Protein chains: 4
Amino acid sequence: MTDREEKAKAYFQCDTRDRAIFEAGIKMGTIYHQFVGVPVDLSSVDILERSIERGVLVQPYVESVSVRIDRSHFRSKKDEYDYVSLTGNMLDVTLSIRIDDVRVIAEMRYVKELNYPLMFISGVE
Amino acid sequence: MTDREEKAKAYFQCDTRDRAIFEAGIKMGTIYHQFVGVPVDLSSVDILERSIERGVLVQPYVESVSVRIDRSHFRSKKDEYDYVSLTGNMLDVTLSIRIDDVRVIAEMRYVKELNYPLMFISGVE
Amino acid sequence: MTDREEKAKAYFQCDTRDRAIFEAGIKMGTIYHQFVGVPVDLSSVDILERSIERGVLVQPYVESVSVRIDRSHFRSKKDEYDYVSLTGNMLDVTLSIRIDDVRVIAEMRYVKELNYPLMFISGVE
Amino acid sequence: MTDREEKAKAYFQCDTRDRAIFEAGIKMGTIYHQFVGVPVDLSSVDILERSIERGVLVQPYVESVSVRIDRSHFRSKKDEYDYVSLTGNMLDVTLSIRIDDVRVIAEMRYVKELNYPLMFISGVE
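Residues numbered from 1 in each chain as written. Chains lettered and ligands numbered in written order. Predicted model: local features only at pLDDT ≥ 70, side-chain atom pairs only at ≥ 80, totals over all residues. Heavy atoms only, no water.

Draft legend 1. Spatial organisation of the pairing of strand β5 (residues 102–111) of chain C. Residue and element names in this part refer to chain C. Burial analysis of β5 places seven of its 10 residues in the buried class, the great majority of the element. The sheet contact formed by strand β4 (residues 91–99) and β5 spans eight bridges and is antiparallel. Residue pairing for β5: Thr 94 is matched across the bridge by Glu 107. Counting the residues that bridge the hairpin from β4 to β5 gives two residues, and of these Asp 100 lies at a positive phi of roughly 50°. With eight bridges connecting them, β5 and strand β6 (residues 116–124) associate as antiparallel partners. Following the sheet pairing, Tyr 110 is matched in β6 by Pro 117. (Buried < 20%, exposed > 50% of the residue type's maximum accessible area, 1.4 Å probe, protein only. Helix = DSSP H or I, 4+ residues; strand = E, 2+ residues; numbered from the N terminus. Pairing = 2+ DSSP bridges.)

Draft legend 2. Local environment of the interface of chain B and chain A. The interface is formed by 34 residues belonging to chain B together with 34 residues belonging to chain A. Where chain B abuts chain A, roughly 3100 Å² becomes buried across the two surfaces, and 64% of that area is made up of carbon and sulfur atoms. Here chain B is connected to chain A by four salt bridges. In this structure, the salt-bridge partner of Glu 113 of chain B is Lys 7 of chain A, at a minimum N-O distance of 4.0 Å. The interface formed by chain B and chain A contains 14 residue pairs in polar contact (both at pLDDT 80 or more). (Contact = heavy atoms within 4.5 Å. Buried area = accessible area lost by both parts, 1.4 Å probe. Salt bridge = Lys/Arg side-chain N within 4 Å of Asp/Glu carboxyl O. Polar contact = N/O pair within 3.5 Å; in protein donor to acceptor, adjacent residues only side chain to side chain.)

Draft legend 3. Examining the relation of the copies chain B and chain A more closely. For the pair chain B and chain A, the best superposition has an RMSD of 0.0 Å and corresponds to a rotation of 180° with a translation of 0.0 Å parallel to the axis. Here the copies are linked by what is in effect a two-fold axis. When the interface residues of chain B are mapped onto chain A, 100% of them again lie at the interface, so the same face is used by both copies. (Least-squares fit on C-alpha atoms with pLDDT ≥ 70 in both.)

Draft legend 4. Just the packing of aromatic side chains, in detail. If you walk through the whole model with that rule in mind, you get 24 aromatic pairs over all chains. Centroid distance Tyr 61 of chain A to Tyr 81 of chain D: 6.4 Å. Interplanar angle 80°. Geometry classified as edge-to-face. Residue Tyr 61 of chain A is found in the loop between α3 (45–57) and β2 (62–69), and its partner Tyr 81 of chain D is found in the loop between β2 (62–69) and β3 (84–85); the two belong to separate chains. One exposure class covers both Tyr 61 of chain A and Tyr 81 of chain D, and it is buried. Where Tyr 83 of chain A meets Tyr 116 of chain C, the ring centres are 5.9 Å apart and the plane angle is 75°; that geometry is what we call edge-to-face. On the criterion of chain membership, the pair formed by Tyr 83 of chain A in the loop between β2 and β3 (84–85) and Tyr 116 of chain C in strand β6 is interchain, its members lying in two chains. Of the two residues examined, Tyr 83 of chain A and Tyr 116 of chain C, each falls in the buried class. One aromatic cluster is present, formed by Tyr 11, Phe 12 and Phe 22 of chain A together with Phe 120 of chain B through successive ring pairs. Residue placement shows Arg 19 of chain B over the ring face of Phe 12 of chain B; its charged tip is 5.0 Å from the ring centre. (Phe/Tyr/Trp six-rings, centres within 6.5 Å; stacked < 30°, edge-to-face > 60°. Lys NZ or Arg CZ within 6 Å of the ring centre and 35° of its normal.)

Draft legend 5. Spotlight on the side chain of Arg 4 of chain B. Relative to the assigned elements, Arg 4 of chain B resides in helix α1 (residues 3–9). Within the structure, the side chain of Arg 4 of chain B is placed 2.8 Å from the backbone oxygen of Leu 114 of chain A, a separation counted as a polar contact.

Draft legend 6. Structural view of the interface of chain D and chain A. Contact residues are listed per partner, giving 34 residues for chain D and 33 residues for chain A. Linking chain D with chain A are four salt bridges. Between Asp 82 of chain A and Arg 4 of chain D there is a salt bridge, and its shortest N-O distance comes to 2.6 Å. Counting across the chain D and chain A interface gives 19 residue pairs in polar contact (both at pLDDT 80 or more). Elements represented by at least two residues in the side of chain D that touches chain A include exactly α1 (3–9), α2 (16–35), β1 (39–40) and α3 (45–57) of chain D. Looking at the side of chain D that touches chain A residue by residue, the class counts come to 13 nonpolar, nine polar and 12 charged. (Nonpolar A, V, L, I, M, F, W, Y, C, P; charged D, E, K, R; others polar.)

Draft legend 7. Quick look at empty space enclosed by the protein. Scanning all chains against the criterion turns up two cavities of 30 Å³ or more. Approximately 60 Å³ is the volume found for the largest cavity. Taken together, His 33, Gln 34 and Val 36 of chain A, His 33, Gln 34 and Val 36 of chain B, His 33, Gln 34 and Val 36 of chain C together with His 33, Gln 34 and Val 36 of chain D make up the full set of residues lining the largest cavity. Looking at the lining of the largest cavity, the elements that each hand over two or more residues are α2 (16–35) of chain A, α2 (16–35) of chain B, α2 (16–35) of chain C together with α2 of chain D. Here the lining of the largest cavity is composed, by residue class, of four nonpolar, eight polar and no charged. Volume-wise, the second largest cavity comes out at about 30 Å³. Lining the second largest cavity are Val 38, Pro 39, Val 40, Ser 44, Ile 47 and Leu 48 of chain A together with Ser 51 and Gly 55 of chain D. Within the lining of the second largest cavity, the residues separate by chemical class into five nonpolar, three polar and no charged. (1 Å grid on protein atoms, 1.4 Å probe; cavity = no way out; pocket = protein on both sides within 12 Å on 5 of 7 lines; lining within 4 Å. Points joined across faces, edges and corners; volume = space filled by probe spheres on them.)

In structure tokens form, the structure reads like this:
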């Protein structure tokens, strides 16, 4: 742990498990609110998925992340206006946060019975 | 608890404390990545603070939130270009998440010794 | 005109009318891509409209702006998940840019026959 | 021109040159306000540049776009907190809008003498 990581840790009034869960939440909020609104179509969706993943990976304590955008919302390309803006309902994300010996798995996906893009914790190890 | 809240809860593989901490993280990521970039000056900063607070309060399980933007970064108004875009370093946030009998207090603020806008948990009750 | 405004003007290879139209476009892109994604419900929509307006007004050469968010997309409040994220289709904006003796009026609104939130110029004076 | 493009055009109270300039402004506002705030470091900057370019290219009437992010703002990687959030001052963009026989070239770059990330029109053909 660097000196700075040590100093940051001192601000937290909680244990490592709590910190890892908190970090998982931050990353979910980041993905949703940074990227919702990006213009996207079939030609750009792959690089957008990879770019979101890389953006998340540079944040603290991210072990892995997988982003999948639901292409069923896309329009077939007939003219200049046939693209969509990314919405939360299109996002399917799984990420893993690791701090010391704690790993937290969090997911975001549109849950039909809730009509809501739910972010949730699917595992703590 | 509504039927939908019950269904959402079933997705979480963790306890109420964990959920509250996760929700606190989501809100911090939301504030940062939704509002960083907003054009702001002395004439608009008050309403922007209030608007961020109201935006967070409509999200699930937020009990209270206080947003303060550091005006020392602002420019004095001499011409059309004298405003700034909101950055994370200007944000000072305290929020409280409440689920059932668990309350989590989280904060975000620029920490000089880290040169970083740190988000952290300052209390779990 | 301040010295800085004079220097900025020198970068433009076009006339004042062109500059005013360009500035109108910038503001429309700003509104859409900065604020799409903000959590909103009936309790927060008024302050969000005012906050977007103020955010635009601090940018260069904005004479006036009116933002209206279509409340018909909102959900009635029954539980913690009953809010929406702002989308472009909810936005109804009219703004006026003024540089020297040129005024440009631009609008954004969801056009049903296009199934698209169209930004357009409705007047140049 | 498709039927929908024809219908969209009818909303504009201006000529083709004006429309092309307006579209250029929209794209500049989009780039700035959609992507400012993205976490970035040396490992992710290339894909972020490409992703911004592709996001702009799916919008109407973009002929070409080049995005360059100034790496001199980056931190060398020593720990989990060594990354930055994209700011407008790091962006260097050139784009070309083409509608019918009109081409507009617009640029965005940080101008030191203005201390401002200026968006401007560098050519209309």
